[in-house]
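# Reading the structure
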Amino acid sequence: MADLKESLKGLEGLLNEFFAPSTTNNRKREIEAILANFTQMSNAWEMCLFFMSHTQNEYVMMFCLNVLETLISHRWVSLAASDKVQIRTHLNQSLMNQHSNMLVYIRNKVAKLVVDIGRNDWPHFYPDFFSNILQLVQQPETALLGVTLLQTASEELAAPRDDLSMARKDELYRLLLQQVPAVLGVLNNILESMLEKHRHLVAATPPPSPTSGDGTPRTSRQASRQLFSTSPIENAKFVSLLLGSPSRGPQMEALPPLDPASQQLCWTSLTCLAHYLCWVPLSAVVRPNLLSTIFHFAAFGCQARPDAANQGGSPSSSAREGAFSSSTHKLGVLAMNCINEILSKNCVPQEFEDFLLQMFQQTFNLLQKITKESNTSSSGNRLEELDEVYVDKFTDFLQLFVSVHLRRFESNPQFPVLEFLSLLFKYTFRQPTTEGYYSCLDIWITFLDYLNNKLETRQLTKEDITNRYKEALTSLLSSILQKFQFRYNQAQLEELDDEVLDDDEETEWQHFLRQNLEIVAKVSELMTSDVFQLVWTPFQENAETYLGIEKFVDVSGVERRLRISAENGCRRLHCVLRDLSSLLQALGRLAAHFTGEHFVDRFSNALQIVLRLVQICSYASRMKFFEVTTSAGVLMQDFTEVHAQSLAAIKAYAHWMSQYYAESERTVQHKTDFHSMIVTVMEAVTPLINKQTPDKIIQSSAHLLLSLMTTVRPAFLLQVQPVVTLYECASQGACQNLVMEVQLLVYRSLSHYLLLPWPNLNSSQQDWEVRAAHHKSFISQLTGQFVAVAMRPDLATSKSTQEEAKPLMKRTMQVCQDLVESLAGEVVRSKQICCQSLTELTQCTLNVFQVYVHDVEIVEHIMTYFLAMFQGLRVQMGVAFTEKVIHTFMNIFSGELLTQTIHQETSGAFRVIENFLKILELIVQEPGSQFKAFLPRIISISMDQIYPIVAPRPSPDMKSAIYHLLHEILTNNWRYFFKGSVLDMMNESGDGLENGAQFTSILQAYGQSFLQTDISIFRQNLESLEALHLKWKLYSKRIFREVMIHQFLKVLLQVLVQKSHDLLQEEIVISVYNMAAVDFDAFFSDFLPSFLTSVEGIDDGQKTILAENFQIDRDLPSFTQSVQRFVNDIRYYSLINNSLPAGSVSLVR
């Protein structure tokens, strides 16, 4: 005894010293070594039990508990039964006797150890484990301890770690599931007892009526609650039942202030309940009484935060709020966690209708409370007073409610869906934060998607939706439109940042507007005409103001000046311009609803919109307000935004204009009107493409130009003077000083108009010869400088000439690459003309390539250009020139240069190699015999030169490209390895293997990738093997079965055991199954014993059990379960055996 006390004293000293701030790291390492030696002693646990009984030092307590935890987790099976009982008894007695005095984290640690013992011994050697916990919960003095143990049991037994066998995991889950009804019952009893304990206070002083204290007359409150003037509800009894309060005694707004113990018990019980609800099958255990109790606690979150209470209202109301305000509103957050767990599982218990009725009833009650006006907030908005976390949880709850359960009753004509939407409407537009508002918009989108789905599946007609929801959706849309207009909401909108871009390249204002416009677009799918009118009216008002600004521009001086200078005038103009910009975007979102089958019946509205947009665009381009001097700098930004959005709005109607073009050919008047419209737009757009135009406007102009010349592309554009002028200016280099994005858009517009077939004309009217000549001339002028430099004799020898030419090289390559890439999917004639126009440039580029071969930056641009050519125009390039290019690349990219490029370790160098590999990939995909001749050389470059350098590198750079190439080699050139007819190739015998060494080396490269940590490469190659097996029966080939299959199976099972690629567990198991399915008998009789022999860390007896437990089932689900059990038990045995002292014999079987 004296020795133990002395040891305890020494341990306390060591631990106090270890945690002292003045202790050095070297000394801490010395102490760690001493403590580790102590932990390895065979009787360490006995000493720890003594120490725990004779110390109050928290460091010693935690150290001893950690020692016991290691013993219980790793060496429990080797302990004598009497030792187990001693440890278990000591821990239980410590909890019973000291739980109220223990530090919380120490109490929780002891509780975990008790549950860990139960995890190992219950029910066989610890039969009263769970019944003891339930008894603790039902005793007032130990209820908190019992609930803590219940939650720990849920955490540790429902999803145990890998230190248990799969059979034991299944057993524990089954045992715990049997206890769940009792667990939920006792937790419900605890929560109900807290309600009953304090309900007499509420009964003695009844709470205010549902309509009192909101500071508004009764009639006003009723009007605000029901925002829509009519309701389809006819069954008053059903509605009163649905909207009524549960008849379970006096309804409480909040619990009276709880004593700390009661509050902690409620808190812990709700947390525990949420944990059980996250995994139990709810339909069998959730009952209405439990749901009602949870909703009671959820309602407590509807009270104001303590810091928000008593800020206003009458003395009596303030006193009442103070009496009922405590941290109990936090319990509402925990209760919402429980509700959301229930809703997220689509739970429908056996009492189907009663359960749903109760859920709707409680939902209405909560919504009514949370949206009721407040007399303690200056704004009257109750949501501003609530806990932010509670509001977030409640929004999540509404999202789950609408997405999962609303569909069950929405179609019932007696269900008060409009009343629910009315409350949701109030909840949405009273959100105190922008993020909360966005979340509510997501709920509306869910509801609108639901209606759209019913419309598409013909469960509803548009007339049905209009009859039932028109008023609700009109109210929603009207409020949305007001929400993003400065005319109504300037104070809030001015707070949104419109400069800093987020990860989605949006400013805070742009994100806000997009979220609102998404609702506009969703509603317009259901009620296009109504939405058009709602948007068109304010748009017209703002447009008229904008079109009248011209008369306020003073042109008498050297520079034009806006005569509006008064602060109020500038503010009003600022609001008009901001709103006009937003409404232009709203009109753009409606464009899709005027095309296709709706073109004719909605033609007049669409024409009205487009003509107005063209008028605004033409007016803006003529006035050039961005050049006008204003007294308020913000107006300059506003004018620029309106101009840019007017151009973008016209672009949105490009498909409608294309359809109008086709229809206009039928009547002279329409033809004339369309021609006038296009000419007006072109006259407005083309002058803007210059350096003096603001970036935002010129980008919108370039995008609109592209849409007009590629989507609409009327045949008469070459006779429109602004277009002719643009061709001339662009080909002479007028666009070279613009940003590259704009240059690419302009050049692509001008090129594509000459290349793409003109709509509404037959082939004889396309005038291909003239257009081809125009295009060749255009490209020749565009690339003339490049060609001239490439032909200079001193380019190969003069470093200064090479440096001077680099910017020109890069720009030309970018432009031509874009022209080629954007032709993907177009007709053959277009590609032929493009390829002919680029012939001289392509030849010069190949010559220049050899000059700049050591300049990675230029080589990258050249390789990207040639990759585009091979992807889009390799057929048009012709076999002879293609062979020349490939030979050039292969000769240059070989040996030392390839190695030097890779070892440069720059992203540009990596992209050069990746592009080279992609070009090779395109070559091996070609079926022609001319291209097949390159295959041996391509395999040699890939496997002998590139792969050995790339494979050992830890970074994934270039690995994906090389493995993609290997996959394409095998997929498209199977007969290179397996000769014979198609029947021979599909023959499972796999006879006729040729080039076996290359085939084996490729598959070995696949195998090596499975030994590395990169999960993306692992996934890519696993999918590649599966695709090869699906197409060519890879796993059935003799060489794979005899030489490789065991290696692949071994690697894949090892990966499963190590859990290194756990995200791919399902895919790996499927691959293992497909390989095993080639010969199940060989898998079970040969591979499994061989694999178990190679597994280290488990004894022969355990290996025998593993083999016996692997069920010989040949269907995928059963096989999957067997593999999962197999790898789990390998981990379990290894963990247990590794934790045993040296020389021990494992008893685990």
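The model shown is predicted, which means the values in this text are computed figures rather than measured ones. (Residues numbered from 1 in each chain as written. Predicted model: local features only at pLDDT ≥ 70, side-chain atom pairs only at ≥ 80, totals over all residues. Heavy atoms only, no water.)

When you go through the protein chain residue by residue, the secondary structure sums to 50 helices and two strands. Contacts spanning at least 24 positions in sequence make up 76% of the contacts within the protein chain whose residues lie at least 6 apart. (Helix = DSSP H or I, 4+ residues; strand = E, 2+ residues; numbered from the N terminus. Contact = heavy atoms within 4.5 Å.)

Quick look at unusual backbone geometry now. In this structure, P123 follows W122 across a cis peptide bond, with omega equal to 0 degrees. With respect to the helices and strands, the residue P123 is situated in the loop between α6 (104-121) and α7 (129-138). We note that K624 has phi near 45 degrees; this positive angle belongs to a residue other than glycine. Among the secondary structure elements, K624 is positioned in the loop between α25 (603-623) and α26 (633-652). At R713, a position not held by glycine, the phi torsion is positive, near 35 degrees. Looking at the element boundaries, R713 is found in the loop between α29 (695-712) and α30 (721-731). A relative accessible area of 15% means that R713 is categorised as buried. (Buried < 20%, exposed > 50% of the residue type's maximum accessible area, 1.4 Å probe, protein only.)

Relative to the assigned elements, Q138 resides in helix α7. When the C-alpha atoms of Q138 and I190 are compared, they prove to be 8.2 Å apart, with 52 residues separating the residues in sequence. Only 3.0 Å separates the side chain of Q138 from the backbone oxygen of L134, close enough to count as a polar contact. (Polar contact = N/O pair within 3.5 Å; in protein donor to acceptor, adjacent residues only side chain to side chain.)

What follows concerns the confidence of the model for the protein chain. Overall, the prediction assigns the protein chain a mean pLDDT of 88, with 90% of residues at 70 or greater. Throughout residues 205-252 the model reports pLDDT below 50, and contacts reaching past four residues in sequence, or to other chains, amount to 92 contacts. Predicted confidence is poor over residues 1143-1147, with pLDDT under 50, and the contacts of this stretch with residues over four places away or in other chains come to six contacts. (pLDDT = per-residue confidence, 0-100.)

Mapped onto the fold, T686 is located in the loop between α28 (668-685) and α29. Reaching out from T686, the side chain makes a polar contact with the backbone oxygen of M682 at a distance of 2.8 Å. Apart from residues no more than four positions distant in its own chain, T686 is found in contact with P722 and L726.

What follows deals with the packing of aromatic side chains. Inspection of the entire model under this criterion finds 77 aromatic pairs. Pairing W444 with F447 gives two aromatic rings, centres 6.5 Å apart and planes at 80 degrees, and the pair type is edge-to-face. Residue W444 and its partner F447 are located together in helix α19 (residues 434-456), separated by three residues, close to a single helical turn. For W444, a relative accessible area of 0% gives the class buried. On the basis of relative accessible area, F447 is assigned to the buried category, the value being 1%. An aromatic cluster of three or more residues is present, and its members are Y1073, F1080, F1083, F1084, F1087, F1091, F1110, F1119 and F1126. Just above the ring of F18 sits the side chain of K28; from NZ or CZ to the centre is 5.5 Å. (Phe/Tyr/Trp six-rings, centres within 6.5 Å; stacked < 30°, edge-to-face > 60°. Lys NZ or Arg CZ within 6 Å of the ring centre and 35° of its normal.)

In this model, helix α34 (residues 828-851) (24 residues) spans 33 Å end to end at C-alpha, consistent with the 34 Å of a helix rising 1.5 Å per residue. At T839, α34 is deflected by roughly 50 degrees, the largest bend along its length. (Expected span 1.5 Å × (residues − 1). Bend = angle between axes of the 7 residues up to and from the residue.)

So, on to the packing of helix α38 (residues 907-925) against helix α41 (residues 959-972). One way to put it is that α38 packs onto α41 with a least axis distance of 9 Å and a crossing angle of 5 degrees. Taken together, α38 and α41 sit at an angle that is classed as roughly parallel. Side by side, α38 and α41 meet where E914, L917, L920, E921, V924 and Q925 of the first sit next to A961, I962, H964, L965, E968, I969 and N972 of the second. Taken together, the residues that form the contact of α38 with α41 break down as seven nonpolar, three polar and three charged. (Axes fitted to C-alpha atoms, helices over the stretch in contact; angles between N-to-C directions. Parallel < 35°, antiparallel > 145°, perpendicular 65-115°, else oblique. Nonpolar A, V, L, I, M, F, W, Y, C, P; charged D, E, K, R; others polar.)

It is worth spelling out the packing of helix α33 (residues 799-821) against helix α35 (residues 856-877) at this point. It is the contact of α33 with α35, at a shortest axis distance of 9 Å, that shows an interaxial angle of 20 degrees. Comparing the axis directions of α33 and α35 gives the class roughly parallel. When the axes of α33 and α35 are compared, the crossing they make is left-handed. On the side of α33, the interface is formed by K806, M809, K810, M813, Q814, C816, Q817, V820 and E821, while α35 contributes E857, I858, H861, I862, T864, Y865, A868, M869 and L873. Of the residues belonging to the contact of α33 with α35, the class tally is ten nonpolar, four polar and four charged. (Left-handed = near helix turned anticlockwise from the far one by under 90°.)

Roughly 660 Å³ of internal volume is contained in the largest pocket. Taken together, 24 residues form the lining of the largest pocket, with Q585, E641, Q645, A648 and S700 sitting closest to its centre. Contributing elements (two or more residues each) for the lining of the largest pocket: α22 (508-526), α24 (567-589), α26 and α29. Considering only residue class, the lining of the largest pocket consists of eight nonpolar, nine polar and seven charged. (1 Å grid on protein atoms, 1.4 Å probe; cavity = no way out; pocket = protein on both sides within 12 Å on 5 of 7 lines; lining within 4 Å. Points joined across faces, edges and corners; volume = space filled by probe spheres on them.)

A separate point is the nonpolar core. Grouped together as the largest cluster of nonpolar side chains are 394 residues, with contacts concentrated most on L91, L150, Y276, Y546 and W656. For this core, the element with the most residues is α35, which contributes 13 residues. In this structure, L91 is in contact with M52, L65, L68, I72, V110, L113, V114 and I117, ignoring residues within four places of it in sequence. (Core = buried A, V, L, I, M, F, W, Y, C linked by side-chain atoms within 4.5 Å.)

Taken residue by residue, helix α21 (residues 486-494) has F486, N489 and L493 as its buried positions. Each buried residue of α21 lies within a common arc of 120 degrees when the element is viewed along its axis, so the set occupies one face. Packing partners of the buried residues in α21 comprise α20 (462-483), α22 and α24. (Arc of directions from axis to C-beta.)

Okay, the environment of D162 next. Relative to the helices and strands, D162 is located in the loop between α8 (143-157) and α9 (166-204). For D162, the residues in contact, after removing those within four places along its chain, are K169, K1059, N1128, R1131, Y1132 and L1135.

This part covers the environment of V628. Its location among the elements puts V628 in the loop between α25 and α26. For V628, a relative accessible area of 0% puts it in the buried group. The spatial distance from the C-alpha of V628 to the C-alpha of V555 is 9.4 Å, given a sequence separation of 73 residues. Sequence-distant contacts of V628, that is, excluding residues within four places in its chain, are made with V553, R560, R561, L562, M623 and M636.

The next thing to look at is the side chain of T595. Note that T595 resides in the loop between α24 and α25. A distance of 3.2 Å separates a polar side-chain atom of T595 from the backbone oxygen of A592.

Moving on, we get to the pattern of salt bridges. Per the stated rule, a full pass over the model turns up 36 salt bridges. Among the salt bridges present, the one from R168 reaches E171, with a minimum N-O distance of 2.8 Å. With a gap of three residues between them, R168 and E171 both fall in helix α9, about one helical turn apart. In this structure, R168 and E171 share a single accessibility class: buried. Note that R748 is salt-bridged to D818, the shortest N-O span being 2.9 Å. (Salt bridge = Lys/Arg side-chain N within 4 Å of Asp/Glu carboxyl O.)

What follows deals with the state of the cysteines. Note: disulfide means a covalent bond formed between the sulfur atoms of two cysteine side chains. With the rule as written, the count across this model stands at zero disulfides. Left without a disulfide partner, C816 is nearest to the cysteine sulfur of C834, which lies 8.4 Å away. (Disulfide = S-S within 2.5 Å.)

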